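Now for the letters of each chain:
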Amino acid sequence: MDFSWTEEQATFRKEVIRFARQELNDDLERRDREEEFPREFWKKCADFGIQGLPAPQEYGGSGADTLTTVCGLEALGYGCKDNGFLFSLNAHLWTSVVPLMTFGTEEQKRRYLPRLINGEWIGLHCMTEPMSGSDAYSLRTRADRKGDRYVLNGSKTFITNTTHGDLFVVFGNVDPSKGANGVTGFLVEKGTPGLILGKKLHKMGLRTSPMSEVALVDCEVPAENILGTVGGGQAIFSHSMEWERTCIMASHLGMMQRLIETCVKYAHDRRQFGQPIGKYSAIANKVADMEVRLETGRLLLYKAAWLKSQGRHALKEASMAKLYVSEATVQTCLDAIQIHGGYGYMTEYEMERDLRDAVSGKIYSGTSEIQKVIIAGFQGL
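Just so it is clear, the structure is predicted and the values come from calculations on it, not from any experiment. (Residues numbered from 1 in each chain as written. Predicted model: local features only at pLDDT ≥ 70, side-chain atom pairs only at ≥ 80, totals over all residues. Heavy atoms only, no water.)

Draft legend 1. Structural context of helix α3 (residues 39–48). Those residues of α3 lying buried are Phe-41, Trp-42, Cys-45 and Ala-46. Along α3, the residues classed as buried sweep out an arc of 140 degrees about the axis, all on the same side. Against the buried residues of α3 lie α1 (7–23), α2 (28–34), α5 (83–103) and α6 (106–117). Remark: Gly-49 follows α3 within two positions and exhibits a positive phi of approximately 115 degrees. (Buried < 20%, exposed > 50% of the residue type's maximum accessible area, 1.4 Å probe, protein only. Helix = DSSP H or I, 4+ residues; strand = E, 2+ residues; numbered from the N terminus. Arc of directions from axis to C-beta. Contact = heavy atoms within 4.5 Å.)

Here's what the structure looks like:
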C-alpha cells in the first residue's frame, strides 16, 4: 500500500495552496457578515481548473481521477478560508458537472459542460422540499407529460447557488404511484418561465454561499431536457451523493490541518504561569486528539476516493468518511477555540466562523444519523 502522493499530485497540491492563499481570501470577514458570494473568485477558480477537475478533457476539463480531485480540494480547504465559497464549488461539481458527465446525452454534455467548467455558468440541483429532507424520494413536485414537454409544479427549499445559478437539475415525480421509481431529473435553465426564486435563506454558517427557496409554477421543460431516463432520478441522486460524500469532506481535512497548525503556533507563543501553554497536558492532549482525528479522517476519505478511482462503488466508504470527517471537524473547531480561550471566541481570530461553517457538515449530503443508517444497512440491519 502506497500512502504518498505522486510527484505530480504533490506539485498540484502546492500550486492549489498557493493559488487559494493569494486569490480567495480577500475581505472575508465583511463578505461573511454581508452574505456576499464572490463571483469574481468563481472565474478565477475556473481559469485555474477547479470546476473541471473530474470532467473529461474533451469538454474542457482536466480528466483527473477521484484521488487527485480530492488532493486538490483538500489543498483548497487548507489555503482558502472561505468555507461557504468552497461549499458552492462542491455543490456545483457534484450536483451538476458529475451528473451531466455520467447521465447526460452527448448533446447535453456539449451544450452545458463547457460553460459549467469555464466559469461562465453555475450549476445546482433542486431535490429537498419542505416535507422531504432525509426522506428524499417522498418529494411532491410533479412532472406531468404534455406532448413533447413536461410541466413541473412544486416547491424546493435549502437550495444552494440559486441566486447566481444558471443550470438547475430539478427532480420531480412523473408518476407518484411508483414512488421513488417515478422520480426524474430535468435540466432547467435560468430564466425558464415558471422557474421562480423564492425567499433568500439566512444561515448560521456558510454565509458566502447563496441559498433560497425555489418554486416551480407550470414550468414547461422540453422532453429532451430529461437527465438520464424517465424514472431514473434515484440513480442520478445516489450517484451525486456518493461523489459528494467522498469529495466535499476533503476541504474539511484541509481546514482541520490549518487549524492544527494555528493552534500549535499559538501553543508555542502564548505563555501563562511562566511557560508556553503547549507545555501543559490539557493543551497538548487537545492538539494530539486533533492530529489523530485528521489522520483517521484522511485514511477513511482517501480509501473512498481510491475505490472510485478504481471504478468501484464506494457508497459505504463514502458514508463512513462523511460521517467521521464531519463530526471530527466540529470537534476540532471546538478544541481550537478552547485552546485560544477568549481570543478564540473573537471574530478577529476567525475560528468561530470555521465552527459555524463546520456544523452544517453534519446535516448536508445526508445527516450523520442517515449515514449511520446506510452503514448499518451494509450489515443487514
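Draft legend 2. The arrangement of the nonpolar core in detail. Judged by nonpolar contacts, the single largest core of 81 residues is most densely connected at Leu-24, Leu-76 and Phe-85. Those residues in contact with Leu-76 that lie beyond four places of it in its chain are Val-16, Ala-20, Leu-24, Ile-50, Leu-86 and Leu-89. (Core = buried A, V, L, I, M, F, W, Y, C linked by side-chain atoms within 4.5 Å.)

Draft legend 3. Layout of unusual backbone geometry. In the Ramachandran plot, Glu-35 falls in the positive-phi region, its phi being about 55 degrees despite a non-glycine side chain. With respect to the element layout, Glu-35 can be found in the loop between α2 and α3. The exposure class assigned to Glu-35 is buried, which follows from its relative accessible area of 16%. In this structure, Phe-273 takes a positive phi of about 55 degrees despite not being glycine. Summarising the element assignment, Phe-273 is placed in the loop between β9 (271–272) and β10 (275–276).

Draft legend 4. Spatial organisation of a nonpolar patch on the surface. A surface patch of nonpolar side chains, amounting to about 450 Å² of accessible area, comprises Tyr-343, Tyr-345, Met-346 and Tyr-349. With respect to the secondary-structure elements, Tyr-345 resides in the loop between α10 (315–340) and α11 (351–359). (Patch = residues over 30% accessible without salt bridge, like charges linked within 9 Å, V, L, I, M, F, W, Y side chains within 5 Å. Areas by Shrake-Rupley, 256 points an atom, 1.4 Å probe, with all protein chains shown as cover. Salt bridge = Lys/Arg side-chain N within 4 Å of Asp/Glu carboxyl O.)

Draft legend 5. Representation of the packing of helix α4 (residues 66–79) against helix α7 (residues 233–247) within the structure. At a minimum axis separation of 10 Å, α4 and α7 run at an interaxial angle of 50 degrees. When the axes of α4 and α7 are compared, the pair comes out oblique. Facing Thr-66, Val-70 and Leu-73 of α4, the residues of α7 in contact are Trp-243, Thr-246 and Cys-247. Split into classes, the residues belonging to the contact of α4 with α7 amount to four nonpolar, two polar and no charged. (Axes fitted to C-alpha atoms, helices over the stretch in contact; angles between N-to-C directions. Parallel < 35°, antiparallel > 145°, perpendicular 65-115°, else oblique. Nonpolar A, V, L, I, M, F, W, Y, C, P; charged D, E, K, R; others polar.)

Draft legend 6. Up close: the side chain of Thr-157. Tracing the backbone shows Thr-157 in strand β3 (residues 149–160). When near neighbours in sequence (up to four residues on either side) are disregarded, Thr-157 contacts Thr-128, Glu-129, Pro-130, Leu-201, Ser-212 and Glu-213.

Draft legend 7. Summary view of the packing of aromatic side chains. Within the structure shown, the criterion is met by 13 aromatic pairs. Each ring, one from Tyr-150 and one from Phe-186, has its centre 5.3 Å from the other, and the planes form 55 degrees; the classification is tilted. With Tyr-150 in strand β3 and Phe-186 in strand β5 (residues 183–189), this residue pair connects regions lying 36 residues apart in the sequence. By the burial criterion, Tyr-150 is buried, and Phe-186 matches it. Grouping aromatic residues by their ring pairs yields a cluster made of Phe-37, Phe-41, Trp-42 and Phe-85. Sitting over the ring of Trp-121, Arg-115 keeps its end group 4.1 Å from the ring centre. (Phe/Tyr/Trp six-rings, centres within 6.5 Å; stacked < 30°, edge-to-face > 60°. Lys NZ or Arg CZ within 6 Å of the ring centre and 35° of its normal.)

Draft legend 8. Expanded view of the pairing of strand β4 (residues 167–173). Most of β4 is tucked away, with seven of its seven residues classed as buried. Relative to β4, strand β1 (residues 123–126) runs parallel, the two being bridged by four bridges. Following the sheet pairing, His-125 is matched in β4 by Val-169. Judged from the seven bridges that link them, β4 and β5 form a sheet pairing that is antiparallel. Residue pairing across strands places Val-169 opposite Leu-187, the latter belonging to β5. (Pairing = 2+ DSSP bridges.)

Draft legend 9. Representation of the packing of α7 against helix α9 (residues 281–309) in the model. Orientation of α7 relative to α9, taken along the N-to-C sense of each, is 140 degrees, at an axis distance of 9 Å. When the interaxial angle is binned, α7 and α9 end up oblique. For the pair α7 and α9, the crossing hand works out as left-handed. Packed against α7, whose contacting residues are Glu-242, Trp-243 and Thr-246, the element α9 presents Leu-301, Ala-304, Ala-305 and Lys-308 at the interface. The residue makeup of the contact of α7 with α9, split by class, is four nonpolar, one polar and two charged. (Left-handed = near helix turned anticlockwise from the far one by under 90°.)

Draft legend 10. Quick look at the pattern of salt bridges. A full pass over the atoms with the stated rule returns 32 salt bridges. Taking the shortest distance from any N to any O, the salt bridge between Arg-30 and Glu-36 comes out at 3.0 Å. Residue class for Arg-30 comes out partly exposed when judged on its relative accessible area of 24%. Two residues, Lys-362 and Glu-327, come together in a salt bridge whose shortest N-O distance is 3.5 Å. Here Lys-362 is found in the loop between α11 and α12 (368–377), whereas its partner Glu-327 is found in helix α10, with 35 residues between them in sequence. Assessed through its relative accessible area of 31%, Glu-327 is described here as partly exposed. Taken together, the salt bridges that share partners define one network made up of Asp-32, Glu-35, Lys-200, Arg-207, Glu-352 and Arg-356.

Draft legend 11. Summary view of the environment of Asn-173. Checked against the element boundaries, Asn-173 lands in strand β4. Separated by 21 residues in the primary sequence, Asn-173 and Leu-152 have C-alpha atoms spaced 9.0 Å apart. Once you skip the residues sitting within four places of it in the chain, Asn-173 turns out to touch Leu-139, Thr-141, Arg-142, Ala-143, Gly-179, Gly-182 and Val-183. A distance of 2.8 Å separates a polar side-chain atom of Asn-173 from the backbone nitrogen of Asp-175. In terms of polar contacts, Asn-173 uses its side chain to reach the backbone carbonyl oxygen of Gly-179, at 2.9 Å. (Polar contact = N/O pair within 3.5 Å; in protein donor to acceptor, adjacent residues only side chain to side chain.)

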